[in-house]
Amino acid sequence: MSTLEIRDLHVEVETESGPKEILRGVDLTVNSNETHAIMGPNGSGKSTLAYSIAGHPKYTVTQGDVLLDGENVLEMAVDERARAGLFLAMQYPVEVPGVSMSNFLRSAATATRGEAPKVRHWVKEVKNAMSDLEIDPSFAERSVNEGFSGGEKKRHEVLQLSLLKPKFAVLDETDSGLDVDALRIVSKGVNEYKAQSDVGIMLITHYTRILRYISPDRVHVFVNGKVVESGGPELADELEENGYVRFTGSAAESSKEEQPA
């Protein structure tokens, strides 16, 4: 059993007018085999939480801890966090021209596993994972995310999840930009990896539609940089019915959260 524990996390970002606090004391614990949905309006700090856990240099942690099995990941470099078992599926996956998907995936697997996968076994592993996600085999030789549609990029994020085998996965709005078919395929990939592993999942989303495919154990409402209420799946049903008005005091969502460059 592994545990990802976030304690009193405060994070700020540098703006033209000086430092701005985005996270204002986040407390959250995710255990192995649990799926936690983080839901909130635009600008509430959800993506900031994801990038801070992963170690994005744009965000400065001013207070608090992020503990993975008791070890403070905030003291680790980004690659050390990945080797420790953290994975981030990005809301906006980046393109890497000139680096093929096959080389990228094998290099990433070698770095996280500590040794290069045996070629014959690796080729079979990748082929099976791509088939499960309905990814054309020719994509293995294309540059990472270059010219990919939004749905294709998200499927490749889940492909990485299944091959890198983390202890904890942070899925940052994996459902954004997906049509119904792509959402079904991506959700199926996440569910299949969860079924064959002990992964703990932190699923960040605005909407409940992905929760029809990936069932959460806990739902957390995230407003103004912190968790303001937690509950079971029924809390997501309330949000579907009434939105975030009870938590924000306004029917209008905040302006969209600033994304990392």
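Further up the page is the structure itself.
The sections below set out a description of the structure shown in this document. Along each chain, residue indices are assigned from 1 in the same order as the chain's sequence is written. Only residues with pLDDT of 70 or above have their local features reported here, since the model is predicted, and side-chain atom pairs are shown and tallied only from 80 upward, although totals for entire chains, interfaces and linings are computed over all residues. The basis for every side-chain value is the complete set of heavy atoms in the structure, and neither hydrogens nor water enter the calculation.

**Considering the environment of His156**
Here is step 1: Only DSSP runs of H or I with at least four residues qualify as helices, and only runs of E with at least two residues qualify as strands; both kinds are numbered from the N terminus onward. Among the structural elements, His156 can be located in helix 5 (residues 150-164).
Here is step 2: Separated by 43 residues in the primary sequence, His156 and Val199 have C-alpha atoms spaced 18 Å apart.
Here is step 3: It only takes one pair of heavy atoms within 4.5 Å for two residues to be counted as in contact. Among all residues touching His156, those that are not within four sequence positions of it are Met101, Ile135, Phe139, Asn145 and Phe148.

**Here's the deal with the side chain of Lys153**
Here is step 1: Tracing the backbone through its elements, the reader meets Lys153 in helix 5.
Here is step 2: Residue classification places Lys153 among the buried positions, given a relative accessible area of 16%.
Here is step 3: Setting aside anything within four residues of it in sequence, one finds Lys153 in contact with Pro93, Glu95, Asn145 and Phe148. Buried residues are those whose accessible area, probed at 1.4 Å on protein chains only, stays under 20% of the maximum for their type, while exposed residues exceed 50% and partly exposed ones sit between those limits.

**Details of helix 1 (residues 46-54)**
Here is step 1: With eight of nine residues buried, helix 1 is to be regarded as a mostly interior element.
Here is step 2: For helix 1, every residue scored as buried is listed here: Lys46, Ser47, Thr48, Leu49, Ala50, Tyr51, Ser52 and Ile53.
Here is step 3: Gly55 sits one or two residues past helix 1 and shows a positive phi near 100°.

**Observations regarding the sheet that holds strand 12 (residues 226-231)**
Here is step 1: One bridge is not enough; two strands pair if DSSP finds at least two bridges between them. If you walk across this open sheet you meet the six strands as 6-9-10-3-11-12, and the pairing is mixed. Single-partner strands in this sheet number two, and they are strand 6 (86-89) and strand 12. Taken pair by pair, the neighbouring strands of this sheet meet at an average axis angle of 20°, ignoring direction.
Here is step 2: The sheet contact formed by strand 6 and strand 9 (residues 168-172) spans four bridges and is parallel. Bridging across to strand 9, Ala89 finds its partner in Leu171.
Here is step 3: Helix axes are fitted to C-alpha atoms over the stretch in contact, other axes to C-alpha atoms as well, and angles between N-to-C directions run from 0 to 180 degrees. Contacting strand 3 (35-39), strand 6, strand 9, strand 10 (200-205) and strand 11 (218-223), helix 1 runs over the sheet at an angle of about 145° to strand 10.

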